[in-house]
Amino acid sequence: PKSVQEAISATKNMLRDSEDYARKAFDPFEKMVAHVFKNYEKELKEADALDFDDLLLFTVNLFKEYPDTLQKYQQQFKYILVDEFQDTNLAQNELILMLFDGRNKVFAVGDDDQSIYSWRGAQIKNIINFDKNFGNTRIIKLEQNYRSTSNILGAANELIRNNYSRSKKELWTSNPAGELITRYRAQNEQEEAKYIAEKILKIKDNENKSFKDFAIFYRTNAQSRVIEETFIREKIPYRIFGGLKFYDRKEIKDMLAYLKLVSNPNDFVSLQRVINVPARGIGKVSMDNIAKYAFKNDISFCEAFYDFDKINTLNSGIKSKIRNFIKLIELLADYAMKNTISRTLEFIWEKTGYIKELNEENTIEAMSRIENLRELLTVIKEFEERHETANSEKLELVEFLQEIALISDIDNFDESADTVILMTLHNAKGLEFDNVFMIGMEEGIFPHIRSITSGYDDIEEERRLCYVGMTRAKNKLIMTSSIMHFIYGDQRERLVSRFIEEIPKKYFIDENPLVKNQFIFSRNRVKKDINPDFKREKDFMGFATGDIVEHKLWGDGEILRVKNITDDLELDVAFKSAGLKKLLASIAPIKKKSK
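Just so it is clear, the model here is predicted, and its values are computed rather than measured. (Residues numbered from 1 in each chain as written. Predicted model: local features only at pLDDT ≥ 70, side-chain atom pairs only at ≥ 80, totals over all residues. Heavy atoms only, no water.)

Structural notes on the packing of aromatic side chains
Using the following cut-off: Aromatic pairing here means that ring centres of Phe, Tyr or Trp (its six-membered ring) are within 6.5 Å. Orientation follows from the plane angle: under 30 degrees is stacked, over 60 is edge-to-face, and everything else is tilted. Strands are runs of DSSP state E lasting at least two residues, helices are runs of H or I lasting at least four, and both sets are numbered from the N terminus onward. Using a 1.4 Å probe on the protein chains alone, a residue whose accessible area is under 20% of its type maximum counts as buried, one over 50% counts as exposed, and one in between counts as partly exposed. Our definition puts a charge over a ring when NZ of Lys or CZ of Arg is within 6 Å of the ring centre and also within 35 degrees of the ring normal.
In total, this model carries 18 aromatic pairs according to the counting rule given. Ring centres 5.4 Å apart and planes at 65° place the aromatic pair F100 and F134 in the edge-to-face group. Taken together, the residues span a long stretch of sequence, with F100 in the loop between α6 (90-99) and β2 (105-108) and F134 in helix α8 (residues 130-134) at a distance of 34 residues. Residue classification places F134 among the buried residues on the basis of a relative accessible area of 8%. Relative to F499, the ring of F446 has its centre 5.4 Å away and its plane inclined at 75°; by these criteria the two rings are edge-to-face. Of this pair, F446 sits in the loop between β7 (433-438) and α22 (449-454) while F499 sits in helix α24 (residues 498-501), placing them 53 residues apart in sequence. With respect to burial, F446 and F499 carry one shared label: buried. Clustering of aromatic rings is evident, with ring pairs tying together F268, F301, F305, Y306 and F325. Over the face of the ring belonging to Y117 we find R120, whose NZ or CZ atom lies 4.4 Å from the ring centre. The ring of F508 has R183 sitting right over it, with the charged end atom 4.5 Å from the ring centre.

Comments concerning the pairing of strand β11 (residues 548-551)
Under the convention used in this document: Strands were regarded as paired on the criterion that DSSP finds at least two bridges between them.
A one-sided burial pattern is seen for β11, the buried positions being V549 and H551 and the unburied ones I548 and E550. Examined bridge by bridge, β11 and strand β15 (residues 590-593) share four bridges and lie antiparallel to one another. Directly across from I548, in β15, lies its bridge partner K593.

A few points about the side chain of R225
Put simply, the test is: Two N or O atoms form a polar contact when they lie within 3.5 Å of each other; inside protein one atom must be a possible hydrogen donor and the other a possible acceptor, and for residues adjacent in sequence the pair counts only when both atoms belong to side chains. Note on contacts: a residue pair qualifies if any of its non-hydrogen atoms lie within 4.5 Å across the two residues.
In this structure, R225 sits in helix α11 (residues 224-234). Overall, R225 belongs to the buried group, its relative accessible area being 1%. In terms of polar contacts, R225 uses its side chain to reach the side chain of E375, at 2.8 Å. Polar contacts involving the side chain of R225 include one to the side chain of E382, which spans 3.2 Å. Not counting chain neighbours up to four residues away, the residues in contact with R225 comprise F246, Y247, E375, T378, V379 and E382.

Some words on the pattern of salt bridges
Test applied: The salt bridge criterion pairs a side-chain nitrogen of Lys or Arg with a carboxyl oxygen of Asp or Glu, the two atoms within 4 Å.
All told, the structure shown has 41 salt bridges when counted by the stated rule. Here D556 makes a salt bridge to K593, at a shortest N to O gap of 3.0 Å. Remark: K593 occurs in strand β15 and D556 occurs in strand β12 (residues 555-565); sequence separation between them is 37 residues. Note on K593: relative accessible area 33%, which makes it partly exposed. Each of D111, D112, D113, R166 and K169 takes part in one network of salt bridges that share partners.

Examining α6
Of the positions making up α6, those classed as buried are A91, N93, L95, I96, M98 and L99. The N-capping residue of α6, defined by a side-chain oxygen 3.1 Å from the backbone nitrogen of A91, is N89.

What about the nonpolar core?
Let me state the cut-off plainly: Residues grouped as a nonpolar core are buried Ala, Val, Leu, Ile, Met, Phe, Trp, Tyr and Cys residues, joined through side-chain atoms within 4.5 Å.
Core analysis: the largest hydrophobic core is formed by 54 residues, its most contacted members being M255, L256, L259, I290, F305, I322 and F400. In contact with I322, other than residues within four places in its own chain, are I282, I290, F305, F308 and L314. One finds I152, A156, L159 and C466 within the second-largest nonpolar core, a separate group that totals 34 residues.

Details of the confidence of the model for the protein
Heads up, the rule is: Confidence per residue, as judged by the predictor, is encoded in pLDDT with a range of 0 to 100.
Here the protein averages 85 in pLDDT, while 89% of its residues score no lower than 70. Scored below 50 in pLDDT, residues 410-415 shows 10 contacts in the model against residues more than four places distant or in partner chains. Overall, residues 520-540 carries pLDDT values under 50, and its contacts beyond four positions in sequence, including any with other chains, amount to 41 contacts.

Some points on the environment of K204
Tracing the chain through its elements places K204 in helix α10 (residues 189-207). By relative accessible area, which is 22% here, K204 ends up partly exposed. When residues no more than four places from it in sequence are discounted, the contact partners of K204 are K209, F211 and F214.

Things to note about the packing of helix α1 (residues 2-13) against helix α3 (residues 28-46)
The condition that has to hold: Helix axes use the C-alpha atoms of the stretch in contact, all axes being lines fitted to C-alpha atoms, and the angles between their N-to-C directions lie in the range 0 to 180 degrees. Each angle is binned into one of four classes, with values under 35 degrees roughly parallel, values over 145 roughly antiparallel, values of 65 to 115 roughly perpendicular, and all other values oblique. Any residue that is not Ala, Val, Leu, Ile, Met, Phe, Trp, Tyr, Cys, Pro, Asp, Glu, Lys or Arg is counted as polar, Gly included; the first ten are nonpolar and the last four charged.
Between α1 and α3, the shortest axis-to-axis distance is 10 Å and the interhelical angle comes to 75°. Compared by their axis directions, α1 and α3 come out roughly perpendicular. Taking contact as the criterion, the partners of S3, V4, A7, I8, T11 and K12 in α1 are, on α3, F29, M32, V33, V36, F37, Y40 and L44. Tallied by class, the residues present in the contact of α1 with α3 amount to 10 nonpolar, two polar and one charged.

Remarks on helix α9 (residues 150-160)
Counting buried residues in α9 gives nine out of 11 residues, a clear majority hidden from the surface. The set of residues buried in α9 consists of N151, I152, L153, G154, A155, A156, N157, L159 and I160. Its buried side turned inward, α9 meets β3 (181-188), α23 (456-470), β8 (473-487) and α24.

Let's talk about the pairing of β3
The element β3 is extensively covered by neighbouring structure, given that six of its eight residues are classed as buried. Of the strand pairs in this sheet, β3 and strand β10 (residues 508-510) are connected by three bridges, and their pairing is parallel. By the bridge assignment for β10, T182 is matched with I509. Sheet analysis places β3 next to β8, joined by six bridges and oriented parallel. Its bridge partner lying in β8, R183 is registered against M479.

Quick notes on the environment of A473
Along the chain, A473 falls in strand β8. Separated by 37 residues in sequence, A473 and V436 have C-alpha atoms that sit 5.4 Å apart.

Details of unusual backbone geometry
In this structure, P278 follows V277 across a cis peptide bond, with omega equal to -10°. Residue placement: P278 occurs in the loop between α13 (268-274) and α14 (284-296). A cis amide bond links F446 to the next residue, P447, at an omega of 10°. Along the chain, P447 falls in the loop between β7 and α22. Positive phi, close to 50°, is recorded for E84, a residue that is not glycine. The residue E84 is located in the loop between β1 (79-82) and α6 in this model. The backbone of K235 shows a phi angle near 60°, a positive value even though the residue is not glycine. According to the relative accessible area criterion, K235 is exposed, its value standing at 71%.

In C-alpha cells:
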C-alpha cells in the first residue's frame, strides 16, 4: 500500500534504517511497516539496487564512515548552489552541511514564508536556522516584488506577520496601489460559484480580458465540483491544472459505475470497470475467457458473465468469486429499490469496502479521494433536495444518472484553448495570474480542519499557503466564502476563515454589504464550534505550566510552557503518544485533568 511506501520513504529521509524503525515501532501498522521495511531492504541488497531515498541516505552514511571520501568531495565542490531551500528535508540538509567545510561556498535561495510541503518531509527549520548551521553567513533579502499591486502585498504582509516561525522581512513594490481586495460572503456555495462566474464574465467584457487571465484556487480538490458545474451551465471554458476534473477522478468514476450497474446490470462498461474494484481476484485472463465464450456463442459479454457456470475455462475459485460479485450487485439493487439514492451510495461504500480500503491506505492522496467521494454524496443530496418539493414520488436512480451524464459529458473543448484555470493552492506555487479567486475561505476548509486540530505549527503552514495564494495575483484578488456550506456530504454554518480577520479592513472592499458583518471572526464561536469543552472566556486562560491535559487525538500530555499572546495562550505540550506540540488554548481540543 502507498501508506507503507510513504512510511518507509519518510523514515529514510530522517536518516533512519529498518532496524531503527523496528525498535521504535509501536502500533500494529508500524510493526507491519517494520516487517515490510526489513524485507524490502533485503530485496534491494540482493538486487544490488538503491531506491531514490537511498541515494541520500547512503551518501550521508558513506561520508560519515569514510571521512577521506567526504574530504575529496568537499574539495571538489567549491560552490554549492541550492534552490527552494525551504523545501529541503533532513537528509538533504545534512548532505549540504557535510559538503560545506568552511572553505567552499554555499549559495541557497529560498523563502521560509513559502514553506508549504511539510507533509512531504520538508522542514522549515532548515532555512530559518541556515545562518546558525553554516556560520559567517551573508543574508540578502530580495524584498522588492515585481508582480503584485501594493494593496495585495500589504495585505499579504499583514497576514504572514502572524506567524512566529519566520525570518523578518516585508515585501514592497513600485507598482501602483491597485484595487482593494474584493471580499464576498455568499449564502451558500452555489451562490458563491454563481458570483464567481458572473464576476469573471463581467471583468472579461469590461476590461477586454481572456479566460486564461483568471485562476481559481481552492484548498482541497473536492471544492472544484460546484465551480465546474456552474461553469458548464454558464458555458465558461475551464481546465484543472495539475489534476483531473471532478467527474474524471478515479473514485468518482468507480462510484458512478457501481450506481450505473445497480441501475442496469447489463451495463458492460461499468461492469468491466468495477468487477475488480476493490480487488476480488477476478483478473484479465478470466475476463478474456468470458469474452471468448460470448463471441463463440454469439451473445453479449454481460449475458456470458451472468451465465458463468457454463464457461468451462473458468476454474471453481473464479466462479465462486463471480457468484459473490453477482450476489453483491443484486443486494445493492434491492437496497436501491427501497431507499434514497444518497443512502444507496453510502450502502455501496459499506458493502464494497471501498472507503474502508482508502482509510487503511491512510495517505494524503487516499484522504483526498475520500473527500471527493463525500462531495459526490453532496451532489446526490442536492439533487434529492431539488426534486423532493417538485415530486412527492421516490426518485429513481436512473434520473440522477441521466442528470450526471449531461454534466460530465459536456467537456470536449481543447485544453490548449482560452480557459479559466482551476487548481489547489499547493499547485499554485510559482505561478502568477492577472485575476485570482481564492474560494472557500472558511474555518474547517481553509484552514483545513486537520490543521486546526493538530497544532499551531500546522496552522502556520496553512497561513503560509494562504500567503502563497495571495501573492500569485498581479492585479485583482477576490476572496470568497459561504455562510452555509454543503461539502463532503455535510451541511453546516461556517465561520469566515481567521486569515480574513488577520488582514486589516483597509485592504478590503465588500461586494455584498448586506452580509459584511458576517466577516467578523468571533473567537468565542470558533472555540465553541471546535472545542466542545469550551464554556467561558476564562476557561482556556486557566492553563499553567505543569498542568496535565487530555487531547482528543493524542491523549494525555504535560504543559511545559505557557505564552500569552493576543486574546489567547500558546501552549507547549509534551504528549506521551505524539511528542512535543505547540497549541493555541482557544481552539485546541484539550481539557485539563486533575493531577
